Amino acid sequence: MSGNYYRRVGAARPSHLMYTAGVGALVDLPNFSVLVKGLESWSHTGLLPDDYLIEEPRLRTAVNRALQLYGRAQISELRSAPWMEGADGAPKDWAAQGVGVPVTPFPQWLRCTACNLLAPIDSDAFTFLNNNPRTPHEAKFVHSDCKFGRPLAVTARFTLVCTNGHLDEFPYAMFVHHGNPCAKSPRPLMRMKDHGGNQAANVTLECVACGEKRNIRDAMGERGRAELPACRGRHPHLSAFESDGCDREATLMVAGASNQWFPMTLSALALPPSRNQDLTELVEERWVELQNVTSRSVYDALAAMPQFTYLKEYDPDALIAAVESRKQGNAGQQNQPAAAVAADLLSPEWDVLAAPHLPDPTDDFAMESVTVPAALGELFADVRQVQRLREARALVGFTRLDAPDPESDEIATLVRLSRTSQNWVPASEVRGEGIFLRVREDLMAEWEARMQKSPQMAAHREAFGRFRSNRKSDRITGPFDPMRGWPGERYIALHTFSHLLIRTIALECGYSSASLGERIYAGDEEKTRTGILIYTAVPDSEGTLGGLVSLTEDTHFERIVRRALEDAARCSSDPLCAERLPKDPADYLHGAACHVCLFVSETTCERGNRFLDRRFLVPLGDDTDQVLTPVNLRP
């Protein structure tokens, strides 16, 4: 590969780098694929902090607790992807061309689309062309010496992965020669011919030097694993190999497979501190900005700044004492084991959203109460318009093959984002609006008491235990509780109701369900929370101009709720859907729910379309004792 070329090869939304293809993931470009490199390669040089720093203390605290759990270094900053204002309008500015998310071509074996030559990218057989700065998507590799001219060279799609999160090139030469070197060349060129068909992969690999041939199908399945080399422990996004190797089997994978990369992310709403918030919680959440408040003069200086006006609501001496106590606590716990519980990001949000008195509006948050329609008074205690909100998201790490699972977090091995310790992690933020609904606590408590004896809810609990037990990793040698992480009865009801409303909003009001997000506030025996927040969750203008909050007006909201419940009473997959309950040996985590009636996109649902059952909101048969909704709202 040689020649002069522009460095930019494409563009992606910030949310794409968080949920679809972030650090360590493959990004498919029109003509080849690239791998997003580790944090050491990211550069924010030449940018002002305001261009990339995302300030959200609660999220930063949660990230540090998660990193502590995995034995990783703590961070002090959340950074968005490096981006320069006006770079697109000055494509020949070499300084602007150098700003962005660094990537490298991967896999680094290419195939000529004309002669089927297969060779590594550094073999001098291919030339990289990216000569038009205004069309980076046209970047491509060509086979320079091909007898058919200069045809396009595309990425060879096979890779090796393992459950430890390693990613490697497929060993084409070794595979064709059955683990032996080529008898005629130390580094032979290959040919790859795809025969098509509908019987899985049917690709022949041939050594140009000696003529040896082999089909890729020999590397597939259980028998094929014996033909593959042991995992080398490679992390190409870090340009590194594990020093102690890897003890896992390598698995053949097509580069574009959906289980090649799963992100582990955390998100938090940017909310003003609650007036009732405990000082210890405040200091813990905002430690980075409050750790230097050790005197009255420092307190006065900070409280005078616009972003710290909330400090005036707290006694200065008490705040200083809380900071000193936090410092002493850190010193005493320096050698203690890492905490096993992640930060509770929902409790502070609930304190603000459900507070009796509305907080003062800020640039990031504004909320207003609306009158609950009379017909809905038996169901909702509060209906509130969240006219402005900001959600910050952070990427903590990623996994391969096994997705990180809130119900079974022991399964997947988290891969680090950097080879060396960094004081930041990638983050993004979206601004929008939302609807907050608080269900009556007396209604929920009475329903929960009934559900303790419900055979249908018992079936859900037993399925959860089977789900956890079936997914139990062989690496777990200590105690195992199959019910750890059970979200509770009220979560299922609230989660189901949230999906019903999201689908109705999408059908009746024109919003795409993928443009909406949900946060379920379901408490336990110690925390009485019964709320739902539905909000716009995409970084564009859809639903951010008041269209969502306007749905809570009396003329619309009652109709939307009634239609949601009416639609829940019928499904075109009934009676199969209505009668569905997870029974032994099944371990799926939903009941009367399917793609027709309740499921939404993965980007919308916070629990992967699990814990859903419409029989708990509307009667699907003669049994009405298990229904939460008041009689006047039932279809």
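About the thresholds
- Residues numbered from 1 in each chain as written.
- Predicted model: local features only at pLDDT ≥ 70, side-chain atom pairs only at ≥ 80, totals over all residues.
- Heavy atoms only, no water.
- Helix = DSSP H or I, 4+ residues; strand = E, 2+ residues; numbered from the N terminus.
- Buried < 20%, exposed > 50% of the residue type's maximum accessible area, 1.4 Å probe, protein only.
- Contact = heavy atoms within 4.5 Å.
- Areas by Shrake-Rupley, 256 points an atom, 1.4 Å probe, with all protein chains shown as cover.
- Phe/Tyr/Trp six-rings, centres within 6.5 Å; stacked < 30°, edge-to-face > 60°.
- Lys NZ or Arg CZ within 6 Å of the ring centre and 35° of its normal.
- Axes fitted to C-alpha atoms, helices over the stretch in contact; angles between N-to-C directions.
- Parallel < 35°, antiparallel > 145°, perpendicular 65-115°, else oblique.
- Left-handed = near helix turned anticlockwise from the far one by under 90°.
- Nonpolar A, V, L, I, M, F, W, Y, C, P; charged D, E, K, R; others polar.
- Pairing = 2+ DSSP bridges.
- Salt bridge = Lys/Arg side-chain N within 4 Å of Asp/Glu carboxyl O.
- pLDDT = per-residue confidence, 0-100.

Quick look at the overall build of the chain now. The number of helices and strands found in the chain is 15 helices and 23 strands. Counting across all 635 residues of the chain, residues that qualify as buried make up 51%. Contacts in the chain between residues far apart in sequence, at least 24 positions, make up 70% of those at least 6 positions apart. Total accessible area on the chain stands at roughly 29,400 Å², and carbon and sulfur atoms take up 49% of it.

So, about the packing of aromatic side chains. In the structure shown here, the tally under the stated rule is 19 aromatic pairs. These aromatic residues form a ring-pair network of at least three members: Trp109, Phe158, Phe170, Tyr172 and Phe175. Note that arginine 214 overlies the ring of phenylalanine 175, its terminal NZ or CZ placed 4.2 Å from the centroid. Here arginine 607 stacks its cationic end above the ring of tyrosine 491, 5.2 Å away from the centre of that ring.

In this section: the packing of helix α12 (residues 441-451) against helix α14 (residues 489-509). Direction vectors running N to C along α12 and α14 enclose 120°, while the axes themselves pass 9 Å from each other. Taken together, the axes of α12 and α14 lie oblique to each other. The element α12 and its partner α14 pack so that their crossing is right-handed. On α14, the residues that touch Glu441, Met444, Trp447, Glu448 and Met451 of α12 are Glu489, Arg490, Ala493 and Leu494. Partitioned by chemical class, the residues of the contact of α12 with α14 number five nonpolar, no polar and four charged.

Glancing now at the sheet that holds strand β10 (residues 158-161). The strands making up a sheet are joined through hydrogen bonds of the backbone, oriented either antiparallel or parallel. The strand order β11-β10-β17 describes an open sheet built from three strands, whose pairing is antiparallel. Looking at strand neighbours, the two that pair on one side only are β11 (167-169) and β17 (251-254), the edges of this open sheet. The mean angle between the axes of side-by-side strands here comes to 40°, regardless of whether they run parallel or antiparallel. Bridge count between β10 and β11: three bridges; the pairing is antiparallel.

To continue, consider the pattern of salt bridges. The full count for this structure, using the stated rule, is 30 salt bridges. A salt bridge links arginine 438 to aspartate 382, with the shortest nitrogen-to-oxygen separation between them at 2.6 Å. A residue pair is termed long-range when its members are at least 10 positions apart, and arginine 438 in strand β21 (residues 424-439) and aspartate 382 in strand β20 (residues 380-399) qualify at 56 residues. Look at aspartate 382 and you get buried, because its relative accessible area is 17%. Here arginine 563 ties to aspartate 567 by a salt bridge, and the two come within 3.5 Å at their closest N and O atoms. A residue pair is termed a helical-turn pair when its members lie 3 or 4 positions apart in one helix, as arginine 563 and aspartate 567 do in helix α15 (residues 554-568) at four residues.

We now examine the confidence of the model for the chain. Looking at the chain, the pLDDT average stands at 84 and 89% of residues meet or exceed 70. Every residue in residues 331-343 scores below 50 in pLDDT, and together they form seven contacts with partners more than four places removed in sequence or on other chains.

Before going further, it helps to examine the sheet that holds strand β2 (residues 33-36). A sheet is described by the order of its strands in space; here three strands give the open sequence β1-β2-β4, paired in antiparallel fashion. Each edge of the open sheet carries a strand with a single partner, namely β1 (26-28) and β4 (103-105). Here the average twist between neighbouring strands, direction ignored, is 35°. Looking at chain direction, β1 and β2 are connected through three bridges and run antiparallel. Note that in β2 the partner of valine 27 across the bridge is valine 34.

Its location among the elements puts proline 107 in the loop between β4 and β5 (109-112). The class of proline 107 is buried, set by a relative accessible area of 2%. As for proline 107 and proline 120, which are separated by 13 residues in sequence, their C-alpha atoms are 8.9 Å apart. Excluding residues within four positions of it along the chain, proline 107 makes contact with Ser33, Thr155, Ala156, Phe158, Thr159, Glu169 and Ala255.

Next up on the list: the environment of glutamate 289. Its place among the elements puts glutamate 289 in helix α8 (residues 287-290). C-alpha of glutamate 289 to C-alpha of serine 76: the two residues are 213 residues apart in sequence and 9.8 Å apart in space.

Turning our attention to the pairing of strand β22 (residues 516-522). Counting buried residues in β22 gives seven out of seven residues, a clear majority hidden from the surface. Side chains Leu516, Glu518, Ile520 and Ala522 project from β22 onto one buried face, and the interleaved Gly517, Arg519 and Tyr521 project onto a second face that is buried too. In the sheet, β22 pairs with strand β23 (residues 530-536) via seven bridges, with the strands oriented antiparallel. What sits directly across from tyrosine 521, in β23, is glycine 531.

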